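# Architecture and fold: a report
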Amino acid sequence: MKILLFGGAFDPPHKGHVSILRKAAQFADFDRIIVMPTGTPTHKKGCVAPFDVRLHMAQLAFGSIAENVEISDYEGTNLKDDYTYLTLEYLKEKYDNPHIYMAIGSDSLLNLDSWKNAQQVMQNCTVLAFAREDDVQDDMAQKEIQLEKSGADIRFIKVEPIEFSSSQYRRGFGDENTEFLPQSVQNVIDEYDIYAQDDITRWKGTAKLLAKLLLDEKRYLHTLNVEKLAVELGTIYGLDTEKLQVAALLHDIMKNAPYDILLHRAKQSGIINRIEDKPKQTLHGFAAAHYAAKELDIQDEDILWAVKSHTCGRYGMQDMEKVIYLADMLCEERKFEGKDYLLGIARENLDRAMYEALEHSLKWIKSKGNTVDTDSLDALRYFSQMFGGTCEEERYER
Ligand SMILES: [Fe+2]
Ligand SMILES: [Fe+2]
């Protein structure tokens, strides 16, 4: 079995990438052509678009090149480091020891021996190096001799020079260079502001695309409803509605994630109480905050806390957290007795609404025989104290 592996950040994928892949695909009679966006790029720091967006753009750019093309999410979804030697090991095992041809650019060839476990990389694949005619004569030839001494199998494929790179695009050459991107990729970038220079514009657009890509239809509509109510409440209370939109769009982004990823992200999100104390259904908020910080590079504490505390609440919640918590509970499609009453209060007094909403939720959780989270009890105590109430928290203890 012959596999062609083409990895890259694809941030964004451009026509140069497409022509390289087309050319590489002709090198042999490949059974599979695997395009693999890098998870967290270890060689190239500073990706802008999150992995899931780059995966989507790779699908748009390369998906229709040939019938046997597969866009792999392996490097973004496995919990190991995404080193090439590990990826090759994975492919060797998955496809029962195939012959792997790895397509790389000439710049990658020059530093191939500095890759992690480079020896293992070179032993496990044939390297298809793309180079310009002139390069092959000079540096590349030297490098080839050097690497082949240590057992590497290197073949050169000569390409026309490509005077364009993804990083140039991101640095703002985008508008003038639209013809360098496949049209479908350009369309999604334009529609969702994937590379907008302004943080909040980029976060909002990217978060909306992610919600669309990662959530099922019902959850996506719920997310849009939360966004709508969050903006309404945020306007009443004079809050930053754009930040609220970002938090709303991301609050459930991990809802459909596999449990091991959920747990991994939640553990790393710096939660208040021990992870072992958290009921399973509350983990997705913590995991989503980690996703927002790591994948979208959002370091804004207002947004991160609003995402993080939307499942449990917490002692000392800030206004944006209250709004997302309430918008999540009281948005358009939710139907339960007392909803309209709570919504009315939410439009008049955020703290009072939180107090009553928490009471309502905890009673409901208890009635279902489920575990009440300790952060929720702390939150109830916090709001109860504000209104001079006695929080009979024993009622909710597990
Ligand atoms: Fe949620
Ligand atoms: Fe939600």
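Structure: see above.
Residues numbered from 1 in each chain as written. Chains lettered and ligands numbered in written order. Predicted model: local features only at pLDDT ≥ 70, side-chain atom pairs only at ≥ 80, totals over all residues. Heavy atoms only, no water.

Around the iron ion (ligand 1), the protein supplies Asp-252 (OD), His-284 (NE2) and His-310 (NE2) as donor atoms, at distances of 2.1 to 2.2 Å. Going along the chain, you hit the donors of the iron ion (ligand 1) in the pattern D-x31-H-x25-H. In this structure, the iron ion (ligand 1) lies 3.5 Å away from the iron ion (ligand 2), the two metals sharing Asp-252 as a donor. Highlighted residues: His-284 in helix α14 (residues 283-295) and His-310 in the loop between α15 (301-308) and α16 (319-330), separated in sequence by 26 residues. The exposure class assigned to His-310 is buried, which follows from its relative accessible area of 3%. (Donors = N, O, S within 2.8 Å, 3.2 Å for Na, K, Ca; no water. Helix = DSSP H or I, 4+ residues; strand = E, 2+ residues; numbered from the N terminus. Buried < 20%, exposed > 50% of the residue type's maximum accessible area, 1.4 Å probe, protein only.)

What follows covers unusual backbone geometry. Outside of glycine, negative phi angles account for most residues, and trans bonds account for most peptide bonds. Residue Pro-12 is bonded to the preceding Asp-11 through a cis peptide linkage, with omega at 0 degrees. Note that Pro-12 resides in the loop between β1 (2-8) and α1 (15-25). Even without being glycine, Asn-97 reaches a positive phi, approximately 60 degrees. With respect to the helices and strands, the residue Asn-97 is situated in the loop between α4 (84-94) and β4 (99-105). Of note in the backbone geometry, Asn-117 takes a positive phi value of approximately 50 degrees without being a glycine. Inspection of the secondary structure assignment puts Asn-117 in the loop between α5 (106-110) and α6 (118-123).

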